[in-house]
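Observations on chain architecture
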Amino acid sequence: MAHPNFLLNSRTLIIGGSSGLGFAVASGALSSGSKVHITSLTAQKLSDKIAQLQSLYPGAHVSGSNADLSSPETLEGNLRSILDSAVMKTGGPLDHIVYTAGDFPTRTPLGEITAETALASFTVRYLGSLLVGKLVAANPGRYLNPASSSSITLTSGLTAHRPPPGWSTAAPVIAAVEALSRTLAVDLAPIRVNVVIPGAVHTELLDRLTGGKSEMFKASTLTKEVGTPEGAAEAYLFCMRSALATGQGFIVDNGSLMV
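All of these numbers come straight from a predicted model, not from anything done at the bench.

Criteria and thresholds
- Residues numbered from 1 in each chain as written.
- Predicted model: local features only at pLDDT ≥ 70, side-chain atom pairs only at ≥ 80, totals over all residues.
- Heavy atoms only, no water.
- Axes fitted to C-alpha atoms, helices over the stretch in contact; angles between N-to-C directions.
- Helix = DSSP H or I, 4+ residues; strand = E, 2+ residues; numbered from the N terminus.
- Left-handed = near helix turned anticlockwise from the far one by under 90°.
- Contact = heavy atoms within 4.5 Å.
- Nonpolar A, V, L, I, M, F, W, Y, C, P; charged D, E, K, R; others polar.
- Pairing = 2+ DSSP bridges.
- Polar contact = N/O pair within 3.5 Å; in protein donor to acceptor, adjacent residues only side chain to side chain.
- Buried < 20%, exposed > 50% of the residue type's maximum accessible area, 1.4 Å probe, protein only.
- Right-handed = clockwise from strand over helix to strand, strands pointing away.
- Phe/Tyr/Trp six-rings, centres within 6.5 Å; stacked < 30°, edge-to-face > 60°.
- Lys NZ or Arg CZ within 6 Å of the ring centre and 35° of its normal.

Re the packing of helix α1 (residues 20–31) against helix α2 (residues 43–56)
Running from N to C, α1 and α2 point in directions that differ by 35°, and their axes come no closer than 11 Å. Handedness of the α1/α2 crossing: right-handed. Contacts between α1 and α2 pair Phe 23, Ala 26, Ser 27 and Leu 30 from the former with Lys 49, Gln 52 and Leu 53 from the latter. Looking at the contact of α1 with α2, its residues break down into four nonpolar, two polar and one charged.

Comments concerning the sheet that holds strand β7 (residues 249–252)
Read from one edge to the other, the open sheet built from seven strands follows the order β3-β2-β1-β4-β5-β6-β7, with strand pairing classed as parallel. The outermost strands of the open sheet, each flanked by one partner alone, are β3 (62–66) and β7. Adjacent strand axes in the sheet meet at a mean angle of 20°, parallel and antiparallel pairs treated alike. Bridging between strand β5 (residues 151–155) and strand β6 (residues 192–198) involves five bridges; their strand directions are parallel. Following the sheet pairing, Thr 153 is matched in β6 by Asn 194. The strands touched by α2 are β2 (35–40) and β3; relative to β3, the strand with the most contacts, the crossing angle is about 170°. Helix α3 (residues 72–90) rests against β1 (11–15), β2, β3 and β4 (96–99) of the sheet, and its axis sits at about 150° to β2.

Some points on the side chain of His 37
Inspection of the secondary structure assignment puts His 37 in strand β2. Reaching out from His 37, the side chain makes a polar contact with the side chain of Ser 63 at a distance of 2.7 Å. In terms of polar contacts, His 37 uses its side chain to reach the side chain of Ser 65, at 2.6 Å. Among residues more than four places away in sequence, those in contact with His 37 are Thr 12, Leu 13, Ile 14, Ser 63, Gly 64, Ser 65, Ile 82, Ser 85, Ala 86, Lys 89 and Thr 90.

Points about the side chain of Thr 221
Topologically, Thr 221 is positioned in the loop between α7 (204–210) and α8 (229–241). Polar side-chain contacts of Thr 221 include one of 2.8 Å to the backbone nitrogen of Lys 224. In this structure, Thr 221 is in contact with Asp 253, Asn 254, Ser 256 and Val 259, ignoring residues within four places of it in sequence.

Here we look at the pairing of β3
The buried fraction of β3 amounts to four of the five residues, a majority that puts the element mostly inside the structure. The pairing of β2 with β3 spans five bridges and is classified as parallel. Within the sheet, the bridge partner assigned to Val 36 lies in β3 and is Val 62. Following the backbone out of β2, through α2 and into the adjacent parallel β3, one traces a crossover that is right-handed.

Notes on the packing of aromatic side chains
Enumeration according to the criterion identifies two aromatic pairs in this entry. On the numbers, 5.9 Å between centres and 85° between planes, the contact of Phe 122 with Tyr 126 is edge-to-face. Tyr 126 sits in the partly exposed class, given a relative accessible area of 21%. Where Phe 238 meets Phe 250, the ring centres are 5.4 Å apart and the plane angle is 75°; that geometry is what we call edge-to-face. On the criterion of sequence distance, the pair formed by Phe 238 in helix α8 and Phe 250 in strand β7 is long-range, its members being 12 residues apart. Here Lys 49 stacks its cationic end above the ring of Phe 23, 4.8 Å away from the centre of that ring.

What follows is the structure, given as structure tokens:
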């Protein structure tokens, strides 16, 4: 028996799929024959990235939605619109939801943190992930097929395990996403929920954080490499494919935690 292609003809929504890790996951899913729907904050970037994916995979099904996830007041409604659009444009309930969206983390000295700035950090990464789970639970079978072949994959980060100075607002948010993935796995079963925990990956976000000096992370890895989006995307694709994986966190960090 030939090894099955578990993503062939599946339907995948990638929230944050227009850049970095999300775009690499979109590319990987399309390469395996999935119908893919991505989101972006701006219409122009969304159009550009859809065109890029269509040029890489002629004939593949790729669509998208604009999404502003920065306001708690509009977050749930905007996520509902994304899910409705993804279901409509891919032709039915989804099989996989990948959440890679995240705003730019601000490094604030501990003595300057306020309650307002601390809570604001939770909106996109944590509340967005939580409300995706809420909408799936509140609408059984409408947004995500209720089966063990279906999955939600969230995104954390290595700073939850080894926080640098000035991350007292951002690192706890990332850690909370890991705890959320386990509780959602219980609450949404048999739908599977996992979290990918990447280390330094050469993305636009890392370039902004380091001022274009992402190569400096090579010295602090076992492989002496900075991760690529395509390499990190394989962890998400595994979470989507494997019906055995749920409630787990998968660290892909080039061995950084062992240095």
